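Okay, here's what each chain looks like letter by letter:
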Amino acid sequence: MLAITDAQPTLVDFATARVSGRNVADSVRTIADLAGVFRDEQARRALSPERPVYHVQIHAPIPEGTPGGLLWGSTIVEPGRVGDEYFITRGHFHAERDRGEFYVTTAGEGALILMDEARRTWYEPMRSGTVHYIPGRTAHRVANTGSVPLAFVACWPSDAGHDYESIARDGFAARLREIGGRPVLVPDGVAT
Ligand SMILES: [Fe+2]
């Protein structure tokens, strides 16, 4: 017998990547939350501490940490810069290092910045419709290089976990900065 069991579905608006429905948790990261993330700490402190940098929604039909399942969510990165560095997510390795992830861009323009365990760092341009496979053992973060919100959806194993501490301690080996009006990945510690 057929039956409609999901009378209250979880929904995503692809134009904005906003998710609504059951089992959706929202969080926001503001300028105040991102101390130490950007190269120019003085420029960060000059911005309004309440200004949102990115919003995350996680749809967890099963608890995080469950082996064998999947979690899904969306992120919206606001346009803006701290000095010459684009607004960016903190970035993480997965706590279970071999776990991968998919990102799919739904709006805006940006860059998926990737770094392997040898600290080799590169990026993939993001625009509406781009599909990105993030292999295991690869740290990932996203910068908005455009003038409108950058939105993407993501799917990852429910037991992947997040290791933000490694990035908070060691950072990425390069930063995406606007130089001459375009994004350039510059090794960290380079002044220009
Ligand atoms: Fe991830």
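Keep in mind the model is a prediction, meaning the values are calculated, not measured.

Rules used in this analysis
Residues numbered from 1 in each chain as written. Predicted model: local features only at pLDDT ≥ 70, side-chain atom pairs only at ≥ 80, totals over all residues. Heavy atoms only, no water. Pairing = 2+ DSSP bridges. Helix = DSSP H or I, 4+ residues; strand = E, 2+ residues; numbered from the N terminus. Axes fitted to C-alpha atoms, helices over the stretch in contact; angles between N-to-C directions. Donors = N, O, S within 2.8 Å, 3.2 Å for Na, K, Ca; no water. Tetrahedral: all angles 85-135°; square planar, octahedral: opposite > 155°, others 65-115°. Buried < 20%, exposed > 50% of the residue type's maximum accessible area, 1.4 Å probe, protein only.

Caption draft 1: Inspection of the sheet that holds strand β9 (residues 109–116) at higher detail. Ordered by their spatial adjacency, 3 strands build an open sheet running β10-β9-β12, and the pairing between neighbours is antiparallel. For this open sheet the edge positions go to β10 (121–127) and β12 (138–144), each flanked by a neighbour on one side alone. Averaged over all neighbouring strand pairs, the angle between strand axes comes to 25°, with direction disregarded. Note that β9 and β12 share 7 bridges and pair antiparallel. Each bridged residue has a counterpart across the sheet, and for alanine 111 the counterpart in β12 is alanine 143.

Caption draft 2: Structural detail: the coordination of the iron ion. Coordination of the iron ion by the protein involves His92 (NE2), His94 (NE2), Glu101 (OE) and His140 (NE2), with metal-donor separations of 2.0 to 2.3 Å. Coordination at the iron ion is irregular: its 4 donor atoms span angles of 84 to 164° at the metal. For the iron ion, the donor residues sit on a single chain with the sequence spacing H-x1-H-x6-E-x38-H. Here glutamate 101, found in strand β8 (residues 101–107), pairs with histidine 140, found in strand β12; they are 39 residues apart in sequence, far enough to count as distant. Residue classification places glutamate 101 among the buried residues on the basis of a relative accessible area of 5%. Judged by its relative accessible area of 2%, histidine 140 is buried.

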